[in-house]
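So the chains spell out like this:
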Amino acid sequence: MRTTIEQFEQWLREKHEGNLEFKEAKNQFDTTKLMKYCVAIANEGGGKLVLGVTDKKPREVVGSQAFENLEDIQRRIFEKLRFRVETEKIPHPSGRVVVFHIPSRPTGTAYHIDGAYLMRSTEETVPMSEDRLRAIFNEGRPSWLSEIALRRASSDDVIRSLDTHSYFDLLNLAYPASRERVLERFESERFITSHYDSYDVTNLGAILFAKDLKLFESLHRKAPRVIVYEGIGKTKTKSDKPGVKGYAVGFEGLIDYIGSQLPSNEVIGKALRETVQMYPEIVIRELVANALIHQDFNESGTSVMIEIYNDRIEISNPGKPFIPPERFIDEYQSRNDRLADVMRRLGICEEKGSGIDKVVESVELFQLPAPDFRVGEKHTLVLIFAHKEFDEMEMKDKVRACYQHCCLRCVMNQKMTNQSLRGRFKLSAIKADAASRVIRETLEAGLIRLEDPESSSKRYAKYIPFWA
């Protein structure tokens, strides 16, 4: 296994590390840490650990004296981890570079070191979440979406239980003239499977197009719930309404109902008094769609929840995300690819990976506090807050907004500056010092960094996210 200098130079130019992990390791690199990275990278599909290169952009070769005897460390890795990692030395003009070529784990298997199943998170390795491990161990087995919700149904039962008209309406297609053509189309989408004289309705078909989820015994607990509270706590509930229809056929009704429960503000224009919703609709649409798509269907007894308070909305779904919350803006990994694909084609959510970008962009336009993404023991939660003036926000809210603004600028191929951050908060030029303090706090939190560390100008400094 030999890497050319041209291939290596291309690695240095990669925008995201992905399956590459760079470490300076000028003099040495901890052997236990090396083993952990081998496990984590293998669990993520394999890749390369490169020593002797700065891990911050622009990446530079600094050379590494670690692991002078590559055959010895290769043997020790195999003895400890029981899988083979190939090693290579690249004699770069700027110094010795060591590359560990780490294979992918086998399908349905996760590697561990001393009982710890690891994955990467920012600059370290961390234990894998329970649901991520379960997803790996279930690889090769039928997914929840392909399991059967209703067995041995007649064609009448299929048409009676699934809203087939909505499927064709959402795709702007004419409804077929014959029932056979309808059923053929549903079978091609894997919503149903046919037998000689009957059909099985899959969980995918039922969860999307059920006229009433209660018709499917295993699915009625998967209906989203909308709970409205009085005030800012859970003490008094005004309403608690579970969904009835499948996600595709009931989505517009769900969004309309949520909108009808949200507080609004009155804005006086030049001539008329106008009522404006407190939260942009696209934010609600994308976050609810994301919660439906990315939930862990294997978590029993729980569902997507939309909880509405006087000062915020909380949207939660079962299961932990596959990627850290701080990477939601620039990365994408779906737990339920087939469900996501259908809902995109039906126009229910944005194209792959762009939904959270639009959420952050709309929040900025409406001058709302930045959304707060949180991960619990068995759920993922996002909080959307009602409008607050800059001076009313806590520093942690300003730092979160600064980081998300920096990420948004980055994915738009732009850089954050003091001026752009002032625009995000609607601060005048005389508030430049206030914006500088937020930037300084965000820098200290390790969430952003200077694009050019050598620049001495603070006024015209440009910033990028820590991962860029």
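Some points on helix 4 (residues 130–137)
Part 1 of the argument: For helix 4, the full list of buried residues reads D131, R132, L133 and I136.
Part 2 of the argument: Against the buried residues of helix 4 lie helix 2 (31–43) and strand 6 (116–121).

Considering unusual backbone geometry
Negative phi is the rule for most residues except glycine; trans is the rule for most peptide bonds.
Part 1 of the argument: Phi angles above zero are rare outside glycine, and R82 is one such case at about 65 degrees.
Part 2 of the argument: For R82, the location among the structural elements is in the loop between helix 3 (70–81) and strand 3 (86–92).
Part 3 of the argument: With relative accessibility at 56%, the residue R82 sits in the exposed group.
Part 4 of the argument: The phi torsion at D114 lies on the positive side, around 55 degrees, for a residue other than glycine.
Part 5 of the argument: On the secondary structure map, D114 appears in the loop between strand 5 (112–113) and strand 6.

With respect to helix 13 (residues 395–411)
An α-helical segment advances 3.6 residues per turn. Residues three or four places apart therefore align on the same side.
Part 1 of the argument: Taking 1.5 Å per residue as the helical rise, helix 13 with its 17 residues ought to reach 24 Å, and the 24 Å between its terminal C-alpha atoms agrees with that figure.
Part 2 of the argument: Most of helix 13 sits inside the fold, with 13 of its 17 residues counted as buried.
Part 3 of the argument: One or two positions beyond helix 13, positive phi appears at N413, with a value near 60 degrees.

Re the nonpolar core
Part 1 of the argument: The biggest cluster of nonpolar side chains holds 97 residues, and the ones touching the most others in it are I207, L208, F209 and V288.
Part 2 of the argument: The contact partners of F209, leaving out residues within four places of it in the chain, are S161, L162, D163, Y167, F186, F191, G246, A248, V249 and L346.
Part 3 of the argument: Of all hydrophobic cores here, the second largest spans 26 residues; its members include A66, L70, I77 and I102.

Comments concerning the pairing of strand 17 (residues 372–375)
Part 1 of the argument: In the sheet, strand 17 pairs with strand 18 (residues 379–385) via 4 bridges, with the strands oriented antiparallel. Bridging from a neighbouring strand, F373 pairs with V382 of strand 18.
Part 2 of the argument: Linking strand 17 to strand 18, which pair antiparallel, is a turn of 3 residues.

With respect to the environment of S121
Part 1 of the argument: Considering the arrangement of structural elements, one finds S121 in strand 6.
Part 2 of the argument: The spacing of S121 and A40 is 81 residues in sequence and 9.5 Å in space, taken between C-alpha atoms.
Part 3 of the argument: Once you skip the residues sitting within four places of it in the chain, S121 turns out to touch V126 and P324.

Section: the sheet that holds strand 8 (residues 148–153)
Part 1 of the argument: Pairing within the open sheet is antiparallel, and its 3 strands lie in the order 8-10-9. Across the chains shown, the open sheet's two edge strands, defined by having one partner strand only, are strand 8 and strand 9 (192–194). With direction set aside, neighbouring strand axes in the sheet form an average angle of 15 degrees.
Part 2 of the argument: Sheet contacts for helix 7 (residues 179–188): strand 9 and strand 10 (199–202); angle to strand 9, the most-contacted strand, approximately 110 degrees.

Some thoughts on the sheet that holds strand 11 (residues 225–229)
Part 1 of the argument: On the basis of which strands lie adjacent, the open sheet formed by 6 strands has the order 12-11-15-16-18-17 and mixed pairing. Looking at the sheet topology across the chains shown, the edges are occupied by strand 12 (237–242) and strand 17. Taken pair by pair, the neighbouring strands of this sheet meet at an average axis angle of 15 degrees, ignoring direction.
Part 2 of the argument: Both strand 11 and strand 15 (residues 305–308) contribute to a ladder of 4 bridges, which runs parallel. Following the sheet pairing, I227 is matched in strand 15 by E307.
Part 3 of the argument: Together, strand 11, strand 12 and strand 15 form the strand contacts of helix 9 (residues 247–261), whose direction differs from that of strand 11 by roughly 5 degrees.

A closer look at the packing of helix 13 against helix 14 (residues 418–425)
Part 1 of the argument: At a minimum axis distance of 10 Å, the contact between helix 13 and helix 14 shows a crossing angle of 115 degrees. Remark: the crossing between helix 13 and helix 14 carries right-handed chirality. Across from K398, A401, C402, H405 and R409 in helix 13, the residues of helix 14 making contact are S420, L421, R424 and F425.
Part 2 of the argument: Among the residues forming the contact of helix 13 with helix 14, the class breakdown is 4 nonpolar, 2 polar and 3 charged.

Digging into the environment of E88
Part 1 of the argument: Checked against the element boundaries, E88 lands in strand 3.
Part 2 of the argument: Its relative accessible area of 8% is what places E88 among the buried residues.
Part 3 of the argument: Within the structure, the side chain of E88 is placed 2.5 Å from the backbone nitrogen of T3, a separation counted as a polar contact.

Some points on the packing of helix 12 (residues 355–365) against helix 13
Part 1 of the argument: At a minimum axis separation of 10 Å, helix 12 and helix 13 run at an interaxial angle of 120 degrees. In terms of orientation, helix 12 and helix 13 fall into the oblique class. Helix 13 is crossed by helix 12, and the crossing has left-handed handedness. Within the contact between the two elements, helix 12 uses D357, V360, E361 and E364 and helix 13 uses Q404, H405, L408 and V411.
Part 2 of the argument: Looking at the contact of helix 12 with helix 13, its residues break down into 3 nonpolar, 2 polar and 3 charged.

Reading the values: the criteria
- Residues numbered from 1 in each chain as written.
- Predicted model: local features only at pLDDT ≥ 70, side-chain atom pairs only at ≥ 80, totals over all residues.
- Heavy atoms only, no water.
- Buried < 20%, exposed > 50% of the residue type's maximum accessible area, 1.4 Å probe, protein only.
- Helix = DSSP H or I, 4+ residues; strand = E, 2+ residues; numbered from the N terminus.
- Contact = heavy atoms within 4.5 Å.
- Expected span 1.5 Å × (residues − 1).
- Core = buried A, V, L, I, M, F, W, Y, C linked by side-chain atoms within 4.5 Å.
- Pairing = 2+ DSSP bridges.
- Axes fitted to C-alpha atoms, helices over the stretch in contact; angles between N-to-C directions.
- Left-handed = near helix turned anticlockwise from the far one by under 90°.
- Nonpolar A, V, L, I, M, F, W, Y, C, P; charged D, E, K, R; others polar.
- Polar contact = N/O pair within 3.5 Å; in protein donor to acceptor, adjacent residues only side chain to side chain.
- Parallel < 35°, antiparallel > 145°, perpendicular 65-115°, else oblique.

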